[in-house]
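Inside the fold
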Amino acid sequence: MEQLKLKHEQACKAVKTLEDILVRLEKSRSGDKNQEDFIVNRDATIQRFEYSVDTTWKYLKLFLFKFYGVEMNSPKTVFKEAYKNRIISDHEITCALDMVDARNMTSHAYDEETADRVVEQIPRFTILLNKLLALCSPDSKNKK
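Residues numbered from 1 in each chain as written. Predicted model: local features only at pLDDT ≥ 70, side-chain atom pairs only at ≥ 80, totals over all residues. Heavy atoms only, no water.

1. Some details on the pattern of salt bridges
Inspection of every chain in the model, using the stated rule, returns 12 salt bridges. For Arg42, the salt bridge goes to Asp116, with nearest N and O atoms at 3.0 Å. Of this pair, Arg42 sits in helix α2 (residues 35-68) while Asp116 sits in helix α5 (residues 112-135), placing them 74 residues apart in sequence. Given a relative accessible area of 33%, Asp116 falls into the partly exposed group. Put simply, Glu92 and Lys131 hold a salt bridge, and the shortest N to O gap is 2.4 Å. Placement of the pair is Glu92 in helix α4 (residues 90-108) and Lys131 in helix α5, with a sequence separation of 39 residues. Using a relative accessible area of 10% as the deciding quantity, one classes Glu92 as buried. Classification of Lys131 by relative accessible area gives partly exposed; the value is 39%. Counted as one network, the salt bridges with shared partners bring together Arg42, Asp43, Glu112 and Asp116. (Salt bridge = Lys/Arg side-chain N within 4 Å of Asp/Glu carboxyl O. Helix = DSSP H or I, 4+ residues; strand = E, 2+ residues; numbered from the N terminus. Buried < 20%, exposed > 50% of the residue type's maximum accessible area, 1.4 Å probe, protein only.)

Everything listed here is a matter of geometry and, on its own, says nothing about what the molecule does.
Structural data, given as structure tokens:
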């Protein structure tokens, strides 16, 4: 159980850093600063998004193993299992799978257009990450 709590804490901290950079990104978008500040914040947002998704799906993998007895090895199968166990809804599974696709896009085929397209979706993905971590906390009642 200690490992589960540690991984949950790591995922929560990762998502918090993502929320923090989203605030900075929005300020650089609407402020008087130059375009370079926006690009730096956009790229930092994408990097924090990548590790937030990674730490969260790996935490959920452990959570689902500990409480549901299922073993999986990929992010999409983890989110599908969360859906199967009614942890997330129809809308949320679609969002989760879109999130994994966006995460993979940023790490395999990076260009300005992709970066801009993905960064626009990150706020809704962040909401889902927070919801998953709240629903699946080590102390949650969302267990079989």
